[in-house]
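Single-letter residue listing:
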Amino acid sequence: MSNARRCDLHTHTTHSDGTLTPTELVELARARGISCLAVTDHDTLSGIEEAQDAGNRLGLEVISGIEISVMFEPGTLHILGYFVDRNSAKIRECLAQLQEARSRRNPRIVERLRADGLDISLHEVEAESGGGQIGRPHFAQVMVKKGYVKDADEAFQKYLARGASAYVDKRTLASRAAIQMIEESGGIAVLAHPKQLQLDSDPKRFEDEIRRLVSEGLKGIEVYSSCQSKKEAARYRKTAVELNLLMTGGSDFHGAVRPAVQLGWMGDGVTIPYETVDQMKHIILERKLR
Ligand SMILES: [Zn+2]
Ligand SMILES: [Zn+2]
């Protein structure tokens, strides 16, 4: 298979919970032979400008992206936004609110950890994040460094994952609002890693949820992800074909916090062709002409 114009449409930087700066991420992408990269940090667009500058310097296309967590049970529902205008007033206002919810959450996680007997301060977690947005992986790293757990997995399992003792839910946004925010800022909304909805044992509900999201403006499904097997990808692909949705893919690369996930890897032999990006651009163009 030709490697011409390979894409990775799901990546994180230090602006959310990744460990590479936007520039380092783009440099790595270039070294891996990726020619189109979407930077999709959680709830923030603050890394996009630096990534695009690096992309311009290195001859690599960087798509302005974002990943938004919305309310959902039983699993996790993340919506990716592609080609969002980072200067749109609408998205800036919404993201400021999400950031606020996040900052309210962090002291509460510290409180719960302390109640569990772990001597951890917000200051230590802030230092771990290097001044960027604080996420649960930063709590996990402090816990590893201080010897409370052996690795990040154990930190999540025992304390930070949903249902664990120090879990605090920050999600306040409904999927409709997230999709609307993405659309109104000129972007395309795509369902991230459908496996994490945790509906694989309930195909009927899975399909109902996808249809609901489509009625709210969803344009695609992340069929290929480092967290999804070939078999799972085949199932999501079928749903995408049936509902005439874009089929995207990305590694969900976070750097050293998830060392098993390589930039550009979303399953053996899987590459995302540039046609996928062209399809998104086409949808945006049609919207403008309407
Ligand atoms: Zn996600
Ligand atoms: Zn992600």
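Up top is the structure these notes are about.
Throughout what follows, the structure given in this document is the object of discussion. All values reported here derive from a predicted model rather than from experimental measurement. (Residues numbered from 1 in each chain as written. Chains lettered and ligands numbered in written order. Predicted model: local features only at pLDDT ≥ 70, side-chain atom pairs only at ≥ 80, totals over all residues. Heavy atoms only, no water.)

Two elements in contact, helix 1 (residues 22-31) and helix 2 (residues 48-58), have axes whose closest approach is 8 Å; the angle formed by their N-to-C orientations is 35 degrees. In terms of crossing hand, the pair formed by helix 1 and helix 2 is right-handed. Between helix 1 and helix 2, the contacting residues are P22, T23, V26, E27 and R30 on the first element and E50, A51, A54, G55, R57 and L58 on the second. Considering only residue class, the contact of helix 1 with helix 2 consists of five nonpolar, two polar and four charged. (Axes fitted to C-alpha atoms, helices over the stretch in contact; angles between N-to-C directions. Helix = DSSP H or I, 4+ residues; strand = E, 2+ residues; numbered from the N terminus. Left-handed = near helix turned anticlockwise from the far one by under 90°. Contact = heavy atoms within 4.5 Å. Nonpolar A, V, L, I, M, F, W, Y, C, P; charged D, E, K, R; others polar.)

The grouping of E24, E27, E50 and D53 at the surface amounts to a negative patch. Elements that contribute at least two residues to the negative patch include exactly helix 1 and helix 2. If you trace the backbone, E24 turns up in helix 1. (Patch = residues over 30% accessible without salt bridge, like charges linked within 9 Å, V, L, I, M, F, W, Y side chains within 5 Å. Areas by Shrake-Rupley, 256 points an atom, 1.4 Å probe, with all protein chains shown as cover. Salt bridge = Lys/Arg side-chain N within 4 Å of Asp/Glu carboxyl O. Lys, Arg positive; Asp, Glu negative; His and termini not counted. Charge placed at Lys NZ, Arg CZ, Asp CG, Glu CD.)

To continue, consider the coordination of the zinc ion (ligand 2). Listed as protein donors to the zinc ion (ligand 2) are H10 (NE2), H12 (NE2), E67 (OE) and D252 (OD); their distances from the metal cover 2.0 to 2.2 Å. Its four donor atoms give the zinc ion (ligand 2) angles of 81 to 173 degrees at the centre, a pattern that matches the irregular case. All donors to the zinc ion (ligand 2) come from one chain, and their sequence spacing reads H-x1-H-x54-E-x184-D. In this model, the zinc ion (ligand 2) sits 3.5 Å from the zinc ion (ligand 1), the two metals being bridged by E67. Residue E67 is found in strand 3 (residues 61-70), and its partner D252 is found in the loop between strand 7 (246-250) and helix 10 (274-289); the two are separated by 185 residues along the sequence. What makes E67 buried here is its relative accessible area of 1%. D252 gets classed as buried once you look at its relative accessible area, which sits at 6%. (Donors = N, O, S within 2.8 Å, 3.2 Å for Na, K, Ca; no water. Tetrahedral: all angles 85-135°; square planar, octahedral: opposite > 155°, others 65-115°. Buried < 20%, exposed > 50% of the residue type's maximum accessible area, 1.4 Å probe, protein only.)

This part covers the sheet that holds strand 2 (residues 34-39). Here we have seven strands laid out as an open sheet, ordered 1-2-3-4-5-6-7, and mixed in their pairing. On the outer flanks of this sheet lie strand 1 (6-11) and strand 7, each paired with one strand and no other. Pairs of neighbouring strands in the sheet enclose a mean axial angle of 35 degrees, with direction left out of account. In this sheet, strand 4 (residues 77-82) lies alongside strand 3 in antiparallel orientation, the contact comprising six bridges. By the bridge assignment, S69 is partnered in strand 4 with H78. Of the strands in this sheet, strand 1, strand 2, strand 3, strand 4, strand 5 (188-191) and strand 7 are in contact with helix 10, which crosses strand 7 at around 130 degrees. (Pairing = 2+ DSSP bridges.)

For the rest of this paragraph, the subject is the coordination of the zinc ion (ligand 1). The zinc ion (ligand 1) binds to the protein through E67 (OE), H78 (ND1) and H193 (NE2), with metal-donor distances spanning 2.1 Å. Summarised as a motif, the one-chain spacing of the donors to the zinc ion (ligand 1) is E-x10-H-x114-H.

With that out of the way, let us pick up unusual backbone geometry. Residue P74 is reached from E73 by a cis peptide bond, and omega for that bond is 5 degrees. Note that P74 resides in the loop between strand 3 and strand 4. Although it is not a glycine, F83 sits at a positive phi angle of roughly 65 degrees. Positionally, F83 belongs in the loop between strand 4 and helix 3 (89-115). Positive phi, normally seen in glycine, also occurs at N244, with a value near 60 degrees. Mapped onto the elements, N244 comes out in the loop between helix 9 (230-242) and strand 7.

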